[in-house]
Amino acid sequence: MTSVPDAAPRTTTAPLLVAAAGGTPARVPVWFMRQAGRSLPEYREVRKDIPMLRACFTPDLVREITMQPVRRHGVDAAILFSDIVVPLVAAGLDVDIVPGTGPVVAEPVRTRAAVDALPELHAEQVAPVAEAVRLLRAELGETPLIGFAGAPFTLASYLIEGGPSRHHERTKALMHSEPETWHALLGALAGITSTFLAEQVAAGVQAVQLFDSWAGALSERDYREFVLPHSTRVLDTVREVPKIHFGVGTGELLPAMRDAGADVVGVDWRVPLDEAVRRLTVPGRPAPVVQGNLDPAVLLADFDAVEREVRRIVAEGRAAGGHVFNLGHGVLPETDPTVLTRVVELVHSLEP
Ligand SMILES: Cc1c2[nH]c(c1CCC(=O)O)Cc1[nH]c(c(CCC(=O)O)c1C)Cc1[nH]c(c(CCC(=O)O)c1C)Cc1[nH]c(c(C)c1CCC(=O)O)C2
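Nothing here was measured: the structure is a model prediction, and the numbers come from that model.

## Focus on the UniProt feature "binding site: substrate" (unreviewed entry) in the protein chain
And step 1. Per the UniProt annotation, the sites labelled "binding site: substrate" (unreviewed entry) are Arg34, Gln35, Ala36, Gly37, Arg38, Asp83, Tyr158, Ser213 and His329. In summary, the annotated positions, distributed over 296 residues, remain apart in three dimensions as well, the widest C-alpha pair reaching 22.8 Å. Cross-referencing the annotated residues with the lining of the largest pocket gives Arg34, Gln35, Ala36, Gly37, Arg38, Asp83, Tyr158, Ser213 and His329.
And step 2. A relative accessible area of 57% means that arginine 34 is categorised as exposed.
And step 3. If we skip the residues at most four places from it in the chain, arginine 34 touches Gly330 and Val331.
And step 4. The residue alanine 36 is located in the loop between helix H1 (15–20) and helix H2 (41–47) in this model.
And step 5. On the basis of relative accessible area, alanine 36 is assigned to the buried category, the value being 12%.

As structure tokens, then:
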């Protein structure tokens, strides 16, 4: 055996990291948003007596739940088991996650005084998350670990509305009627999010995803004026690892979300990947890297239909500078996990 000099740089061949860097990996990398969660019986079992947020602050449980889909499906990445409201809770805000509903905020933030009273996040408040990252890196071997956070707009929507919202009407009203309050709020959230991501990166995550799940509710004009500067600030603070940026219904915002500083742009199922690539292409620059975009509901159809869609998406992804296969949004709880395993096998069998 020839020995490799200690000083030789260790270049990764992990398909996710190769694709994220715009290279051609040995196979198309695949992971699923919400791959850890209620679709897995082993998840329901370990979570049955433990509230969601308590689980998120218990390092060994985070480790176990994060590993479950990696063991079961053979996905090309683990995503840290956590939630977008974890840094808000850690900073001291009264937010709960209500099963079947989502995050619920005890005292919604709707005034300048409430914004000025928001706490900062201190690194030690998310120490259990950093500890979970270290445990996971020790266990994952070659499989990369993705960290994540909610983007300022999506977090602001929960804080202003007080919970999940269909039309984000109070959020938009505040944005347009009190722009100074708005920018102060998004600035505070950008600070919290940056600290949360920095702690994950320092502990060893190898990529991050910034979820701006509900940004698709905005026009591109409003996105660029009221949201993009804050998401840019967050993404700018992450220098060491590739950055994925995703939202639902963001077909009209894809270039703006790239401009915020994404290395990989997540695409939902409404825009075909080759069309997303066309929208993201800048003459004279390398071809864009995209992630997506199987409609999660298709996983409930016959496997023939699933296979047709997977093949179509992999073919459309060849137009990109790199393609990370994923769903267009999170795994639905009623998904049969054996179908997810078959999707991983199918994606791996196809030519990148
Ligand atoms: C908007 C948002 C939230 N949380 C998150 C987002 C952005 C991604 C997206 O757009 O879906 C992010 C998130 N939340 C969770 C993950 C886990 C990592 C993964 O496997 O992808 C991730 C990446 C765990 C979770 N977060 C939540 C669950 C379900 C809680 C449970 O199992 O009891 C999980 C596994 C709770 C949660 N938290 C939130 C919602 C809407 C819900 C679902 C409420 C419900 O239907 O019960 C807010």
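## Re the nonpolar core
And step 1. By size, the foremost hydrophobic cluster in this structure holds 121 residues, and its most contacted members are Trp182, Leu185, Tyr223, Val310, Phe325 and Val343.
And step 2. Among the elements that take part in this core, helix H10 (residues 179–203) stands out by supplying 10 residues, more than any other.

## Quick word on the UniProt feature "domain: Uroporphyrinogen decarboxylase (URO-D)" (unreviewed entry) in the protein chain
And step 1. UniProt annotation of "domain: Uroporphyrinogen decarboxylase (URO-D)" (unreviewed entry) refers to residues 29–38 and 146–162 when read in the numbering used here.
And step 2. What you have in residues 29–38 is 0% helix and 0% strand, and the ends, taken at the C-alpha atoms, are 23 Å apart.
And step 3. Overall, residues 146–162 shows 59% helix and 29% strand. The separation of its end C-alpha atoms is 28 Å.

## Remarks on the layout of surface pockets
In this approach, a probe sized like a water molecule rolls over the atoms, and the result shows the empty space that is left.
And step 1. Counted as a void, the largest pocket has a volume near 1400 Å³.
And step 2. Taken together, the elements giving at least two residues each to the lining of the largest pocket come down to H2, strand E2 (95–98), strand E3 (102–105) and helix H8 (152–161).
And step 3. Its residues assigned to classes, the lining of the largest pocket comprises 23 nonpolar, 12 polar and seven charged.

## Remarks on the sheet that holds strand E6 (residues 243–246)
Working definition: the strands of a sheet are paired by backbone hydrogen bonds and lie parallel or antiparallel to each other.
And step 1. Read from one edge of the open sheet, seven strands run E1-E4-E5-E6-E7-E8-E9, paired in parallel fashion. Each having just a single partner strand, strand E1 (78–79) and strand E9 (322–327) make up the two edges of the open sheet.
And step 2. As paired elements, strand E8 (residues 289–294) and E9 share six bridges and run parallel to each other. Each bridged residue has a counterpart across the sheet, and for glycine 292 the counterpart in E9 is phenylalanine 325.
And step 3. Against the sheet, H10 touches strand E4 (145–150) and strand E5 (207–211), its axis set at about 170° to E4.
And step 4. Here helix H11 (residues 220–237) sits on the sheet and contacts E5 and E6; the angle it forms with E6, its principal contact strand, is near 155°.

## A short note on the site of the ligand
And step 1. Around the ligand sit 26 residues, and of these Arg34, Tyr43, Gly100, Ser213 and His329 come closest.
And step 2. Alanine 36 places a main-chain nitrogen or oxygen 3.0 Å from an oxygen atom of the ligand.
And step 3. Side-chain polar atom of arginine 47 to an oxygen atom of the ligand: 3.1 Å apart, as the coordinates give it.
And step 4. Starting from 860 Å² of accessible surface for the ligand in isolation, the protein chains cover 91%.

## As for the pairing of E8
And step 1. The element E8 is largely enclosed, with a buried count of six among its six residues.
And step 2. In this fold, the crossover linking strand E7 (residues 264–266) to E8 by way of helix H13 (residues 273–280) has right-handed handedness.
And step 3. Handedness of the crossover is the feature at issue here: the chain leaves E8, passes through helix H14 (residues 303–317), returns alongside E9, and the resulting connection is right-handed.

## Comments concerning the packing of aromatic side chains
For any pair of aromatic rings, the description rests on two quantities: the centre-to-centre distance and the angle between the ring planes.
And step 1. Taken as a whole and assessed by the stated rule, the structure comprises four aromatic pairs.
And step 2. Connected via pairs of aromatic rings, a cluster forms that spans Phe148, Phe211 and Phe246.
And step 3. When the ring centre of phenylalanine 303 is taken as reference, the NZ or CZ atom of arginine 342 above it lies at 3.8 Å.

## Section: the packing of helix H7 (residues 127–140) against H10
And step 1. One can describe the packing of H7 onto H10 by two numbers: an axis separation of 8 Å at closest approach and a directional angle of 30°. As summarised for this structure, H7 and H10 are arranged roughly parallel, according to the angle between their axes. For the crossing formed where H7 meets H10, the hand is right-handed. For the pair H7 and H10, contact is made by Val129, Ala130, Val133 and Arg134 and by Phe196, Glu199, Gln200 and Ala203, respectively.

## Thoughts on the pattern of salt bridges
And step 1. Here the structure, examined in full by the defined rule, presents 18 salt bridges.
And step 2. When the shortest N-O distance is used, the salt bridge between aspartate 268 and arginine 270 registers 2.3 Å.
And step 3. Owing to a relative accessible area of 2%, aspartate 268 belongs among the buried residues under this scheme.

## Some words on the confidence of the model for the protein chain
The predicted structure's coordinates, where accompanied by low pLDDT, should not be read in detail.
And step 1. For the protein chain, per-residue confidence averages 96 on the pLDDT scale, and residues scoring 70 or more make up 97% of the total.
And step 2. Considering only residues more than four positions removed or in separate chains, one finds that residues 1–9, a stretch of pLDDT under 50, has zero contacts.
And step 3. In the predicted assembly, ipTM is 0.93 and pTM is 0.96.

About the thresholds
- Residues numbered from 1 in each chain as written.
- Predicted model: local features only at pLDDT ≥ 70, side-chain atom pairs only at ≥ 80, totals over all residues.
- Heavy atoms only, no water.
- UniProt positions renumbered as here; feature names shortened; annotations may be inferred.
- 1 Å grid on protein atoms, 1.4 Å probe; cavity = no way out; pocket = protein on both sides within 12 Å on 5 of 7 lines; lining within 4 Å.
- Buried < 20%, exposed > 50% of the residue type's maximum accessible area, 1.4 Å probe, protein only.
- Contact = heavy atoms within 4.5 Å.
- Helix = DSSP H or I, 4+ residues; strand = E, 2+ residues; numbered from the N terminus.
- Core = buried A, V, L, I, M, F, W, Y, C linked by side-chain atoms within 4.5 Å.
- Points joined across faces, edges and corners; volume = space filled by probe spheres on them.
- Nonpolar A, V, L, I, M, F, W, Y, C, P; charged D, E, K, R; others polar.
- Pairing = 2+ DSSP bridges.
- Axes fitted to C-alpha atoms, helices over the stretch in contact; angles between N-to-C directions.
- Near = heavy atom within 4 Å.
- Polar contact = N/O pair within 3.5 Å; in protein donor to acceptor, adjacent residues only side chain to side chain.
- Areas by Shrake-Rupley, 256 points an atom, 1.4 Å probe, with all protein chains shown as cover.
- Right-handed = clockwise from strand over helix to strand, strands pointing away.
- Phe/Tyr/Trp six-rings, centres within 6.5 Å; stacked < 30°, edge-to-face > 60°.
- Lys NZ or Arg CZ within 6 Å of the ring centre and 35° of its normal.
- Parallel < 35°, antiparallel > 145°, perpendicular 65-115°, else oblique.
- Left-handed = near helix turned anticlockwise from the far one by under 90°.
- Salt bridge = Lys/Arg side-chain N within 4 Å of Asp/Glu carboxyl O.
- pLDDT = per-residue confidence, 0-100.

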